Amino acid sequence: PLLVDDPDARLETRFAVEAGRVAALTLTERAGQGRLPDGILVDLRHEPIVRLPGDVQFSERLISEIERALSEGDQVILLRNRRGYSPLLLCRACGEDFRCDDCGLPRTYHRRGEQLICHYCDSHLAAPTRCPRCRGETLEAIGAGTERIEEALKERFPGTPVDVLDRDALRRGGGPAAILERFQRGATRILVGTQMVSKGHHFPGVALTGILSADSYLGFPDFRAVEKTYALLTQLAGRAGRGERPGRVVIQTFLPEHYAIRAALLQDDRAFADQELRFRRIFHYPPYTRMVQLLLRDKSRERGLARLSEVASRIARHPRAGELRVTGPATAPLERLRGEWRLQLLVRGVQGPVVRQVVREALGDKVLAGLAIDVDPYHLL
């Protein structure tokens, strides 16, 4: 059975319900005394705002809702799905951004411990006080992660206990359990976190949740990006109003008309599913097709593309190739990690057995070093 109103239910499962392959169960009301929170939409394009340096902003409406919650003795959960102090430490003089040598991506600046950390291979550098390239003193933290949000809240609400729940909490004394225990007994009034704060928690004292940037994941080159955004917004909204007091959720966005954001705000699961399934059908993505991702890792980009191109050529020559759509080979969205290039080939078709058969026969018996095969992949990053 499936709980249709569960935002974690993937569209493949919803599609199976509509096709009659899975029985559906629907929750018509919230368990216990709580009710679903009221939604508040903040259009960041027009709202007078209090700016943080970088890409995260506290709107006047969100600030006023936090003030209201604190004055009424309630607790607050805020979502910022980036850890560390800022995603980028940049030299304004020469453009040095401290990219990881193995992954090619800028390291995240962590003010705790003054470290620059690659979140993909975990390489660390001590954060410098001046640029190592030009020796200038023009280093600036660009953007805002959970540490910076914590800092801003403590400045704006002095004396209010604030805590952070993200993956870095695993390294701190007591770990996530200690953070959640403090919040559970009310010692912490505001909890800031990544998606770890959005799932499975029951805190009756939380009357307000807020999403600082609802658009963060929408632009990711992944066909599930909208589905994941909707699930995250809905899950975080569900942390508010679980006790006797009514709850509110504030969603800040530059895309107020996006169907995922509107559906999360209005708690209209059916509207979201209809729109997202329409997108998937038009562009031939699951659940209307089955997909196999061939992900090849190679120290050489050119060699990797050549190896994967040969597989693509064998697929194109297969007698059933006309039943398939092949995308690539091309570099994956995260194109280089841990010193290796990542190249991908996507194979889609209406019939799963046909897709798997063609891929299997194209690969043959020879094991391709560095190749990972993902049938019905959950993400394409």
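First, a word on scope: everything that follows refers to the structure included in this document.

Reading the values: the criteria
- Residues numbered from 1 in each chain as written.
- Predicted model: local features only at pLDDT ≥ 70, side-chain atom pairs only at ≥ 80, totals over all residues.
- Heavy atoms only, no water.
- Pairing = 2+ DSSP bridges.
- Helix = DSSP H or I, 4+ residues; strand = E, 2+ residues; numbered from the N terminus.
- Axes fitted to C-alpha atoms, helices over the stretch in contact; angles between N-to-C directions.
- Phe/Tyr/Trp six-rings, centres within 6.5 Å; stacked < 30°, edge-to-face > 60°.
- Buried < 20%, exposed > 50% of the residue type's maximum accessible area, 1.4 Å probe, protein only.
- Lys NZ or Arg CZ within 6 Å of the ring centre and 35° of its normal.
- Right-handed = clockwise from strand over helix to strand, strands pointing away.
- Contact = heavy atoms within 4.5 Å.

With respect to the sheet that holds strand β10 (residues 124–126)
The strand order across the open sheet built from three strands is β8-β9-β10, with neighbouring strands paired in antiparallel fashion. One side of each edge strand has no neighbouring strand; the edge strands of this open sheet are β8 (108–110) and β10. Direction aside, the axes of adjacent strands within the sheet are offset by 30° on average. Two elements, strand β9 (residues 115–117) and β10, share three bridges in a ladder whose sense is antiparallel. Bridge assignment links Gln115 to a residue of β10, and that residue is Ala126.

With respect to the packing of aromatic side chains
Under the criterion given, the structure shown has nine aromatic pairs. Considering the side-chain rings of Phe183 and Phe203, the 4.9 Å spacing of their centres and the 85° angle between planes classify their relative orientation as edge-to-face. On the criterion of sequence distance, the pair formed by Phe183 in helix α4 (residues 175–184) and Phe203 in the loop between β13 (190–193) and β14 (206–211) is long-range, its members being 20 residues apart. Phe203 matches Phe183 in its accessibility class, with the two residues each being buried. Ring geometry for Tyr217 against Phe220: centres 4.2 Å apart, planes inclined by 25°, an arrangement best described as stacked. Clustering of aromatic rings is evident, with ring pairs tying together Phe223, Phe279, Phe283 and Tyr285. Here Arg301 stacks its cationic end above the ring of Trp341, 5.9 Å away from the centre of that ring.

Describing the pairing of strand β12 (residues 162–165)
With burial as the criterion, each face of β12 is covered, one bearing Val162 and Val164 and the other bearing Asp163 and Leu165. Alignment of β12 against β13, held across four bridges, turns out to be parallel. Its bridge partner being in β13, Asp163 is matched across the sheet by Leu191. What joins β12 to β13 is α4, and the crossover it makes is right-handed.

Notes on the sheet that holds strand β16 (residues 290–298)
One open sheet holds the four strands; their spatial order is β17-β18-β16-β19, and the pairing between them is antiparallel. Because the sheet does not close on itself, it has two edges, and the strands there are β17 (324–337) and β19 (371–375). Sheet twist, expressed as the average angle between the axes of neighbouring strands with direction ignored, equals 20°. Looking at chain direction, β16 and β19 are connected through five bridges and run antiparallel. Bridge pairing in β19 places Leu296 opposite Leu371. Seen against the sheet, helix α8 (residues 301–316) touches β16, β17, β18 (340–349) and β19 and runs at an angle of roughly 15° to β18. Seen against the sheet, helix α9 (residues 352–363) touches β16, β17, β18 and β19 and runs at an angle of roughly 30° to β16.

Notes on the environment of His201
Summarising the element assignment, His201 is placed in the loop between β13 and β14. Residue His201 is classed as buried on the basis of its relative accessible area, which comes to 14%. Spatially, the C-alpha atoms of His201 and Arg242 are 9.9 Å apart, while their sequence positions differ by 41 residues. Apart from residues no more than four positions distant in its own chain, His201 is found in contact with Leu165, Leu180, Met196, Arg239 and Arg242.

Points about the pairing of strand β15 (residues 248–253)
In terms of burial, β15 is a largely internal element, six of the six residues being buried. By the alternation rule, side chains of β15 split into Arg248, Val250 and Gln252 and Val249, Ile251 and Thr253, which are all buried. Bridge count for strand β3 (residues 38–43) against β15 is six bridges, and the pairing is parallel. When the sheet's bridge partners are listed, Ile40 is paired in β15 with Val250. Bridge count between β14 and β15: four bridges; the pairing is parallel. Paired with Leu208 across the two strands is Arg248, which belongs to β15. With helix α5 (residues 225–237) bridging β14 and its parallel neighbour β15, the resulting β-α-β unit is right-handed.

Keep in mind these numbers describe shape, not what the thing actually does.
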